[in-house]
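# Structural features, examined
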Amino acid sequence: MGFPIAFPESYWITVLIYAGIYGLVVVGYDLLLGYCGQISLGHNGLFAIGAYASAIATTWFGWPSLLAIAGGIFITCAIALVVGIPTLRLRGYYLAIATMGFGFIVEAIIRTEYFGGSSGISDIPPLTILGYSFDTDRNYYYLVWTIVFLLVIVCLRIGETALGRSMKAVHTDEEAAACMGIDVSKTKIQAFVFSAALAALAGSLYAHYGAVISPSSFNIMLSVKLLLMLFLGGAGSIYGGLIGALILFALPEFLGQLERLELALEGLAFMLILIFLPSGLVGGLNKMLKLRGST
Amino acid sequence: MVESKDKLRMDKIMNSILRGRSISKYFGGLQALSNVDFNVDRGIIFSIIGPNGAGKTTLFNLISGFDRNYEGEVVLEDEPISHYAPHIITIKGVARTFQNVRLFRNLSVLENVAVGCHGWLSPRYLRAIFNVKASRREERTAESFAKEMLAYVGLEGKEHDEVESLALGEQKLLEIARALAAKPRLLLLDEPGAGLNDREMDNLQEIIFKTKEQNITQIIVEHNMKLIMRISDQIMVLNFGTKIAEGEPQDILNDQKVIEVYLGKDKDLA
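Residues numbered from 1 in each chain as written. Chains lettered and ligands numbered in written order. Predicted model: local features only at pLDDT ≥ 70, side-chain atom pairs only at ≥ 80, totals over all residues.

### Comments concerning the overall build of chain A
- From N to C terminus, chain A includes 13 helices and 2 strands.
- Relative to its length of 295 residues, chain A is compact, with a C-alpha radius of gyration of 19 Å against a globular reference of 19 Å.
- Considering only C-alpha atoms, chain A reaches an extent of 55 × 45 × 40 Å along its principal axes.
- The buried share of chain A, taken over its 295 residues, is 51%. (Helix = DSSP H or I, 4+ residues; strand = E, 2+ residues; numbered from the N terminus. Rg over C-alpha atoms; globule rule 2.2 N^0.38 Å. Buried ≥ 20, exposed ≤ 12 C-beta atoms within 10 Å, placed from the backbone.)

If you want it as structure tokens, here you go:
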């Protein structure tokens with residue numbers, strides 16, 4: 001947390017801000033996929049709705065930041081509920097494809113002239129909360145990572161209660177879970193809406209940091225990258241996705257001349273993780289510590 | 001005479017925990033169950049026997065809501081529960097185990113049992129996030145009750161073990177503990193004795209009797225006739241989806257039709 005104090009002008013602050021923003025989406029996504037076992041390839045759409053809603057509310061209607069963010073979260077959750085009810089009856093790759101379809105729909109809509117077309121929305125004002133403007137990298141870093149820290153604690157809390165257990169039960173065996181008194185549909189929809197809320201909040205933070213948003217930032221590749229971040233760090237751990245986000249955002253900075261191979265290297269990382277370390281870095285480390293503890 | 005017949009009928013209904021009327025189930029063109037009627041009195045051990053494919057597990061699936069596509073009516077005490085979702089039926093007091101053990105492999109032994117508490121815990125997101133004290137109290141209650149159920153079936157000390165590390169007999173006991181954690185009025189046990197050795201079978205019998213003493217009604221599907229004869233108050237026999245006999249164990253043992261289709265000539269089952 002002392003990094004911006006030690007290196008106030010560092011480009012790495014920007015990298016860490018974006019890692020925190022995307023990490024926030026992945027934390028919510030982990031509850032949905034890591035705990036509840038529901039794969040969504042439409043989280044790029046949820047992220048976009050949060051970003052555009054907050055951007056439009058502040059730039060077109062002059063709403064204060066907090067109200068704009070709240071409105072963005074509300075709209076995203078409402079849409080997630082409407083989309084989730086029919087699609088979460090599906091399983092496996094059918095669910096993945098249906099949610100991907102949702103992502104395509106959102107991307108197509110934000111490309112229309114009503115939402116600024118390919119240029120998107122610009123001149124998004126910085127976040128202002130109770131009169132304090134988060135208009136420097138340093139204070140935005142602290143804002144993002146404070147939010148991330150608090151929401152990781154919230155998600156860990158949810159995970160260690162009966163809610164978390166019911167999600168894991170649904171993940172393993174939906175029918176047996178139902179016979180244990182678990183409302184499987186409600187469990188899946190709640191997880192989807194909750195993850196949508198985090199995606200929307202992250203979208204708002206993204207919009208107000210960059211001051212410009214355009215449809216190219218919210219395409220299907222974002223959902224694929226979120227999956228990669230989650231599996232790289234470790235699905236089902238909550239904070240594993242943050243580690244995945246940090247690695248994925250730091251990676252291009254180390255590639256140098258290999259930067260043009262970034263996508264290929266990410267794909268290779270995906271394959272290697274799934275083959276050799278399916279529980280991700282956090283899961284792998286936990287296993288190693290357990291083994292050492294038992295010998 | 002009429003009055004006494006009505007009174008008998010009312011007494012029967014009052015004493016009944018589960019009734020099935022004209023239950024029929026088709027899988028495509030195959031009739032798995034055909035007009036099955038049954039009545040299970042409160043507090044008894046009611047066994048269902050029959051050859052493989054007779055419809056026993058299918059009947060369990062219909063009662064528990066696992067399969068809601070059937071004809072006929074199932075009434076729990078005086079409430080029709082036909083076609084209710086399985087989680088609603090569990091909340092109303094019916095819990096079950098499965099013919100092939102279906103434990104949650106990504107949860108520990110204790111967590112598996114704690115899942116059974118879900119129906120009466122009613123966990124909430126807002127309480128988990130904002131009322132940490134109440135949420136923690138709820139968790140302690142679930143954990144404590146789950147430990148009690150594990151001790152009840154003889155699995156104390158295994159709370160933090162992984163499910164995969166348990167032997168088959170222990171996995172079956174864990175499933176029973178999980179079902180009991182739901183605080184059921186009616187417990188459905190689907191072939192709890194399958195694959196158990198003699199010592200495990202004796203342990204199972206003890207648990208079934210202990211559960212009866214708790215006034216929990218049990219319906220048991222089982223092939224082990226020695227166990228069935230020792231524990232049952234009432235037996236129903238199914239064959240090719242139809243009920244061919246119902247009565248007390250000794251009556252079933254002597255029923256010609258049952259002997260023909262299922263028991264065979266070996267009557268050393270008492």
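### A few points about the overall build of chain B
- What chain B contains, in helices and strands, is 12 helices and 10 strands.
- Taking 18 Å as the expected radius of gyration for a compact globule of 270 residues, we find that chain B reaches 20 Å, a close match to that expectation.
- Seen through its principal axes, chain B has C-alpha atoms that stretch 60 × 45 × 40 Å.
- The buried share of chain B, taken over its 270 residues, is 42%.
- Sequence-distant contacts in chain B: of pairs separated by 6 or more residues, those separated by 24 or more amount to 67%. (Contact = placed C-beta atoms within 7 Å.)

### Some remarks on the interface of chain B and chain A
- Residue-level contacts link 31 residues of chain B with 23 residues of chain A.
- Of all the elements in the fold, those that place two or more residues in the side of chain B that touches chain A are helix 3 (86-91), helix 4 (109-115), helix 5 (118-121), helix 6 (125-130) and helix 7 (132-152) of chain B.
- Residues of the side of chain B that touches chain A, tallied by class, amount to 16 nonpolar, 8 polar and 7 charged. (Nonpolar A, V, L, I, M, F, W, Y, C, P; charged D, E, K, R; others polar.)

### Quick look at the packing of helix 10 (residues 220-233) of chain A against helix 12 (residues 262-276) of chain A
Residues and elements named next belong to chain A.
- One can describe the packing of helix 10 onto helix 12 by two numbers: an axis separation of 10 Å at closest approach and a directional angle of 40 degrees. As far as their axial angle goes, helix 12 and helix 10 are oblique. Remark: the crossing between helix 10 and helix 12 carries left-handed chirality. The residues of helix 12 that touch helix 10, namely those facing Leu228, Phe231 and Leu232, are Glu266, Ala269, Phe270, Ile273 and Leu274. (Axes fitted to C-alpha atoms, helices over the stretch in contact; angles between N-to-C directions. Parallel < 35°, antiparallel > 145°, perpendicular 65-115°, else oblique. Left-handed = near helix turned anticlockwise from the far one by under 90°.)

### As for helix 7 (residues 162-172) of chain A
- With respect to burial, helix 7 of chain A is a largely interior element, 10 of its 11 residues being buried.
- Residues of helix 7 of chain A that are buried: Ala162(A), Leu163(A), Gly164(A), Arg165(A), Ser166(A), Met167(A), Lys168(A), Ala169(A), Val170(A) and His171(A).

### Side note on the domain arrangement of chain B
All names here are of chain B.
- Along its sequence, chain B is carved into domain 1 (16-93 + 186-264) and domain 2 (103-183).
- One C-alpha centre belongs to domain 1, the other to domain 2, and the line joining them spans 26 Å.
- Contact with domain 1, which involves 10 residues of that partner, is made by 9 residues of domain 2.
- Listed by contribution, the elements that provide at least two residues to the side of domain 1 that touches domain 2 are helix 3, strand 7 (186-190) and helix 9 (198-213).
- For the side of domain 1 that touches domain 2, the leading source of residues is helix 9, giving 3 residues.
- Looking at the side of domain 1 that touches domain 2 residue by residue, the classes come out as 6 nonpolar, 3 polar and 1 charged. (Domains from an automatic or database assignment.)

### Details of the sheet that holds strand 7 of chain B
Residue and element names in this part refer to chain B.
- Across the sheet, 6 strands lie side by side as 6-7-8-3-9-10; this open sheet has mixed pairing. At either margin of the open sheet sits one strand with a lone partner, and together these are strand 6 (94-96) and strand 10 (242-247). Strand-to-strand, the axes of this sheet are offset by a mean angle of 20 degrees, without reference to chain direction.
- Strands strand 3 (45-49), strand 7 and strand 8 (217-221) of the sheet are contacted by helix 9, whose axis makes an angle of about 150 degrees with strand 8.
- Against the sheet, helix 12 (residues 256-263) contacts strand 3, strand 9 (234-239) and strand 10, and its axis sits at roughly 120 degrees relative to strand 10. (Pairing = 2+ DSSP bridges.)

### Overview of the pairing of strand 1 (residues 16-27) of chain B
Residues and elements named next belong to chain B.
- Of the strand pairs in this sheet, strand 1 and strand 2 (residues 30-41) are connected by 8 bridges, and their pairing is antiparallel. Bridged to Leu18 within strand 2 is Val40.
- In this sheet, strand 4 (residues 71-76) lies alongside strand 1 in antiparallel orientation, the contact comprising 5 bridges. Across the sheet, the residue bridging to Leu18 is Leu76, located in strand 4.

### Examining unusual backbone geometry
- Here the phi dihedral of Leu130(A) falls at roughly 50 degrees; this positive angle occurs in a residue that is not glycine.
- By the element assignment, Leu130(A) lies in the loop between strand 1 (127-129) and strand 2 (132-134).
- Positive phi, close to 50 degrees, is recorded for Glu191(B), a residue that is not glycine.
- Mapped onto the elements, Glu191(B) comes out in the loop between strand 7 and helix 9.

### Observations concerning the nonpolar core
- Membership of the largest hydrophobic core comes to 169 residues, with the highest contact counts inside it found for Val25(A), Val26(A), Tyr52(A), Ala202(A) and Ala177(B).
- No other element matches helix 9 (residues 184-210) of chain A, which puts 16 residues into this core.
- Shared between two domains, this core takes at least three residues from each, and those domains are domain 1 (16-93 + 186-264) and domain 2 (103-183) of chain B.
- Look past the residues within four positions of Val25(A) in its chain and what remains in contact with it is His43(A), Phe47(A), Leu198(A), Ala199(A), Ala202(A) and Leu226(A). (Core = buried A, V, L, I, M, F, W, Y, C linked by C-beta atoms within 7 Å.)

### Details of the sheet that holds strand 5 (residues 79-80) of chain B
- The 4 strands are arranged 2-1-4-5 (chain B) in an open sheet whose pairing can be described as antiparallel. The open sheet has two free edges, formed respectively by strand 2 and strand 5 of chain B, since each of these has just one partner strand.

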